Amino acid sequence: MSMLHGRSPAGRRHAAPSRIGRVRRQAAPRPRVVVALLLLLGLVSVMLLDGYLRAEVGNDQRVRSGASSSKVPRSVLDGGPFLSFEGGTARTQSVPDKTIVLTFDDGPDPEWTQQVLDILDDNDVPGTFFLVGSMISRYPDVVRRMVDDGNEVGVHTFTHIDLSYQSSARVTREIAQTQLALAGAAGITTTLFRAPYSSTNDAIDNYSWPVYKKLGALGYTSVFIDTDSEDWQKPGVGKIIKWATPKDGKGASVLFHDAGGDRAQTLKALPQYIKKMKAKGYTFTTVSGARNAQSTQRTRNSPDAQTAPSARATRHTQDAPAAPGDARQSNPDQAAHRTADTATRWEGRALLAAVAVAEWTVPGLAAALVVVGIAVMARFGMMLLLARRHHRQRNSGRFSWGPAVTEPVTVIVPAYNEKECIANTLGSLAASTHPIEIIVVDDGSTDGTAEIAESLGLPNVRVVRQENAGKSAALNNGVRQARYGIVVMMDGDTVFEPDTVHRLVQPFGDPEVGAVAGNAKVGNRNTVIGAWQHIEYVMGFNLDRRMYDLLRCMPTIPGAIGAFRREALLAVGGMSEDTLAEDTDITIALHRAGRRVVYAEHARAWTEAPASLGQLWRQRHRWSYGTMQALWKHRGSVTDRGPSGRFGRVGMPLVVLFQIVTPVFAPLIDVFTLYAMVFVDFRMSLLAWTAVLLVQLVCAAYAFRLDGERYRYLLMLPLQQLAYRQLMYLVLIHSCVTAATGGRLRWQKLKRTGEVGAPASGTESG
């Protein structure tokens, strides 16, 4: 048996995991693409829901004022604060004398409302709370306590908008969504309504009147005010109490706020106000309590009459007869409440559950984005710093790897159906300034690749045929056939410059070096897709490799250009077929065996990048999924000692963080930015996005400078961020879903055109 298939104790290859396992010739199920898209759709939906709850999505800040009230009946404008349409006719009711209806708008709030409830409990008085549906959805426990304490609740729309500007459908939706949230939170609905930005009856105008009539026809009682504390202005405790006090012993519907800002003055004024009004002989009740009391106002002077329901005497009474559909039938203070039916309660609970998910998810993701953003910026800074140090170190006149490497090397070219490219590939090798032997391993090609290679009649070229077994098997076959101690591996669609091999093998002058990564460049860069990949190769791959080289944790030797000591390859078992990323797999294996892997920036190879989005998707899916396989396979290095542990505790976290975790979260940055542009602040969001783009542009420009590339391709960077990067995100998410579900992938042959030729040594194809 060849040593290539052996396993030495020191360089033992670790078995692949069961879920991210050995490559099978089986296509990935398409539903995984759907799952990836559904994840993105779910994220967008959660963000939109959260934005809707916070009045960022669908927000309408218009507030009407100064409109005519010519179409509003005078009896309504001059009437009491409770407006209903029993029998289709507008009817108003007033609060009985010496009676206060405390009403609170804009809640619930987890801080202020809870304290207001404490004050009401301490003073044994009820209140009527007009609740915003989005706030109910976010703080259902507060609403539940509110109702359990005997207070009454009403609808204040879902998003606190001026309904006079809205369509009939929007009005209906605002009310229905609030009722749904109320049913989910407390198991009830209500017949009370107060419009946002409303005040006294005489503020009703020709635009809001149709809204009140529409809701009245649905059975709602619209509640206005007699007296406004104007606590929202924070005028001071004294003025709040003064403005909330009705004149001449009259009853009043009094407005306070339990949310919408700092309510410290309200909390200080409220207990003083209650004590003051009680001292004047006032009683406190709810809207329903006041309406019930008014119906007995005619017999007020009778010895048996009751002017108004007492505050707490009726709040917890349980012997009154129950009417069908009433929620708190035993308590007249809550006569407006209705028990929600089972279906409505469950729909409400589903809404609350969705809101809870959004409430936890969006802030959590926002926090994660801060961490990711800091990590990305730190990475950019570290890359620039280490890349500069690497460039200066390797290009100084004093730097040397050791004795010059001049002995012949073996170049292995695995080929499967490469008829379009093989001639250019071998032609470039024939021009090599370094002595080489060339082994073309034809992996069962059906297009005459082997025949073309043989027909060229080039010296030092051997063609080895094998049945189709995959790239790893082809490379292993080439290693077995190699005559020399250093082997160079390249792809069948790649071309070398004349001095590429010589530059690539010079690091082997250092006996510690076990492998060398070359500088792969995109040859077909004159298309949009090609230019995008060119930017990615120069900025993403080569800057990274400079950084990893100095940190001694290079994760990948590119398949397009890499060199190895033959004995190092044999010691770790050769190219493994356990993963799709055989180049990453072998690189990590060499690190774990104590071999140093370095980067030769001047050894350049020109490769033909995918020319269509479909081919690009397949290639990158295989790369990212294969990288995950390799990392999972070598996860044991994290706890190893020695060189293996060094890679596991330095290289592995860096690769996981910057090639998997950060890119997975990166789409959130774009989604959040787009969301902010549309719903929050377009200008600030655009400035933030532009600032990040400028940081990337600086990094890209420096990378282009180090590689001697032309800057004109950077004009494509903004478009790359908008389109190409999103595609790469989807590919990575697809790969994560494939890995999580234990999917298998097969080798995929990309369509080649053979358009990449060998440029002259030391030149740039631009």
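Note that the coordinates shown come from a computational prediction; the quantities given were computed from them, not determined experimentally.

J.: With reference to specific residues and values, describe the pairing of strand E18 (residues 513-522).
T.: Within E18, 10 of the 10 residues are buried, which leaves the element mostly enclosed by the surrounding structure. Taken together, the eight bridges between E18 and strand E20 (residues 596-607) define a ladder with parallel strand orientation. Opposite Ala517, over in E20, you have Tyr599 as the bridge partner. Inspection of the sheet shows E18 paired to strand E19 (residues 562-565) by three bridges, in the antiparallel sense. Among the inter-strand pairings, Ala517 is bridged to a residue of E19, identified as Gly562.

J.: Describe the pairing of strand E16 (residues 486-489), naming the residues involved and giving the relevant values.
T.: Burial of E16 is two-sided: the residues Ile486 and Val488 facing one way and the residues Val487 and Met489 facing the other way are all buried. Strand direction decides the pairing type here: strand E13 (residues 409-415) and E16, joined by three bridges, are parallel. Looking at E16, one finds that Val411 is bridged to Val488. As judged from the four bridges shared by E16 and E19, these two strands associate in the antiparallel manner. Each residue of the ladder has a partner; that of Ile486, found in E19, is Arg565.

J.: An account of empty space enclosed by the protein is requested, with residue identities and associated values reported.
T.: By rolling a water-sized probe across the atoms, one finds the places where empty space is left. Applying the stated criterion to the full structure yields one cavity of 30 Å³ or more. Empty space within the largest cavity amounts to approximately 70 Å³. Every residue lining the largest cavity is listed: Lys471, Leu475, Met489, Ile557, Pro558, Gly559, Gly562, Phe564, Met575, Glu582, Asp583 and Ile586. Listing elements by their share of the lining of the largest cavity, those giving two or more residues are helix H14 (471-481), E19 and helix H18 (582-592). For the lining of the largest cavity, the element with the highest residue contribution is H18, accounting for three residues. Class assignment for the residues of the lining of the largest cavity results in seven nonpolar, two polar and three charged.

J.: So what's going on with the side chain of Thr266? Residues and values would help.
T.: Checked against the element boundaries, Thr266 lands in helix H9 (residues 264-279). Residue class for Thr266 comes out buried when judged on its relative accessible area of 1%. Ignoring sequence-local partners within four residues, the contact set of Thr266 consists of Asp231, Ile240, Phe256 and His257.

J.: So what's going on with a nonpolar patch on the surface? Residues and values would help.
T.: Together, Val528, Leu719 and Leu722 make up a nonpolar patch on the protein surface, roughly 260 Å² of accessible area in all. Checked against the element boundaries, Leu722 lands in helix H22 (residues 717-740). Overall, Leu722 belongs to the exposed group, its relative accessible area being 54%.

J.: How would you explain helix H19 (residues 613-633) if you had to name every residue and give the values?
T.: Along its 21 residues, H19 runs 30 Å from first to last C-alpha, staying within 8% of the 30 Å computed at 1.5 Å per residue. Burial runs high along H19: 16 of the 21 residues are buried.

J.: Mind laying out H18, listing which residues take part and the relevant values?
T.: When you tally the buried positions in H18, you get 11 out of 11 residues, the bulk of the element. Taken together, the buried positions of H18 are Glu582, Asp583, Thr584, Asp585, Ile586, Thr587, Ile588, Ala589, Leu590, His591 and Arg592. Among the residues trailing H18, Gly594 stands out with phi positive, at a value near 90 degrees.

J.: If you had to explain the nonpolar core to someone new, which residues and values would you point to?
T.: Ranked by internal contacts, the top residues of the largest apolar core, which has 66 residues, are Val487, Met489, Tyr548, Phe564, Leu569, Ile586 and Leu590. For this core, the element with the highest residue contribution is helix H21 (residues 682-707), accounting for eight residues. Setting aside chain neighbours within four positions, we find Phe564 in contact with Gly485, Ile486, Val487, Met489, Phe508, Gly514, Ala515, Ile557, Leu569, Ile586 and Leu590. Formed by 40 residues, the second largest nonpolar core is a distinct cluster that contains Trp112, Leu117, Val153 and Ile241.

J.: Before we move on, can you summarise the sheet that holds E16 with the specific residues and values?
T.: Ordered in space as E15-E14-E13-E16-E19-E18-E20-E17, the eight strands form an open sheet in which the pairing is mixed. Each edge of the open sheet is held by one strand with a lone partner, namely strand E15 (461-466) and strand E17 (494-496). Between one strand and the next, the sheet's axes are offset by a mean angle of 30 degrees, whatever the strand orientation. Packing against the sheet, helix H12 (residues 422-430) makes contact with E13, strand E14 (436-443) and E17, and its axis sits at approximately 20 degrees to E17.

J.: Pulling in residues and values, what's your account of the confidence of the model for the protein chain?
T.: For the protein chain, per-residue confidence averages 84 on the pLDDT scale, and 85% of positions sit at 70 or higher. Below pLDDT 50 for its whole length, residues 301-325 participates in 53 contacts with residues either more than four positions away or in separate chains. Contacts from residues 760-766, a stretch scored under 50 in pLDDT, to residues over four places away or in other chains number 24 contacts.

J.: I'd like a description of the environment of Arg74, backed by residues and values.
T.: Along the chain, Arg74 falls in helix H2 (residues 74-77). With 127 residues separating them in the primary sequence, Arg74 and Asn201 have C-alpha atoms 10.0 Å apart.

J.: Describe in detail unusual backbone geometry, supporting the description with residues and values.
T.: Backbone phi values are negative for most residues with the exception of glycine, while trans is the configuration of most peptide bonds. Cis peptide bonds are those with omega within 30 degrees of zero, and the linkage from Gly107 to Pro108 qualifies with 0 degrees. Residue position: Pro108 is located in the loop between strand E3 (99-107) and helix H3 (112-123). For Lys98, which is not glycine, the phi dihedral falls at a positive 55 degrees. Positionally, Lys98 belongs in the loop between strand E2 (91-93) and E3. A residue is classified by how much of its surface remains accessible, and Lys98, at 32% relative accessible area, is partly exposed. In this structure, Arg552 takes a positive phi of about 60 degrees despite not being glycine. Examined against the element boundaries, Arg552 turns out to sit in the loop between helix H16 (528-551) and E19.

J.: So, the packing of H16 against H21: which residues are in play, and what are the values?
T.: Following both chains from N to C, one finds H16 and H21 inclined at 80 degrees, their axes separated by 9 Å at the closest point. Classified by the angle their axes make, H16 and H21 are roughly perpendicular. In this structure, H16 contributes His534, Ile535, Val538, Met539, Asn542, Leu543 and Arg546 to the contact, and H21 contributes Gln696, Cys699, Ala700, Ala703, Phe704, Leu706 and Asp707. For the contact of H16 with H21, the class distribution of residues is nine nonpolar, three polar and two charged.

Cut-offs and rules
- Residues numbered from 1 in each chain as written.
- Predicted model: local features only at pLDDT ≥ 70, side-chain atom pairs only at ≥ 80, totals over all residues.
- Heavy atoms only, no water.
- Buried < 20%, exposed > 50% of the residue type's maximum accessible area, 1.4 Å probe, protein only.
- Helix = DSSP H or I, 4+ residues; strand = E, 2+ residues; numbered from the N terminus.
- Pairing = 2+ DSSP bridges.
- 1 Å grid on protein atoms, 1.4 Å probe; cavity = no way out; pocket = protein on both sides within 12 Å on 5 of 7 lines; lining within 4 Å.
- Points joined across faces, edges and corners; volume = space filled by probe spheres on them.
- Nonpolar A, V, L, I, M, F, W, Y, C, P; charged D, E, K, R; others polar.
- Contact = heavy atoms within 4.5 Å.
- Patch = residues over 30% accessible without salt bridge, like charges linked within 9 Å, V, L, I, M, F, W, Y side chains within 5 Å.
- Areas by Shrake-Rupley, 256 points an atom, 1.4 Å probe, with all protein chains shown as cover.
- Salt bridge = Lys/Arg side-chain N within 4 Å of Asp/Glu carboxyl O.
- Expected span 1.5 Å × (residues − 1).
- Core = buried A, V, L, I, M, F, W, Y, C linked by side-chain atoms within 4.5 Å.
- Axes fitted to C-alpha atoms, helices over the stretch in contact; angles between N-to-C directions.
- pLDDT = per-residue confidence, 0-100.
- Parallel < 35°, antiparallel > 145°, perpendicular 65-115°, else oblique.

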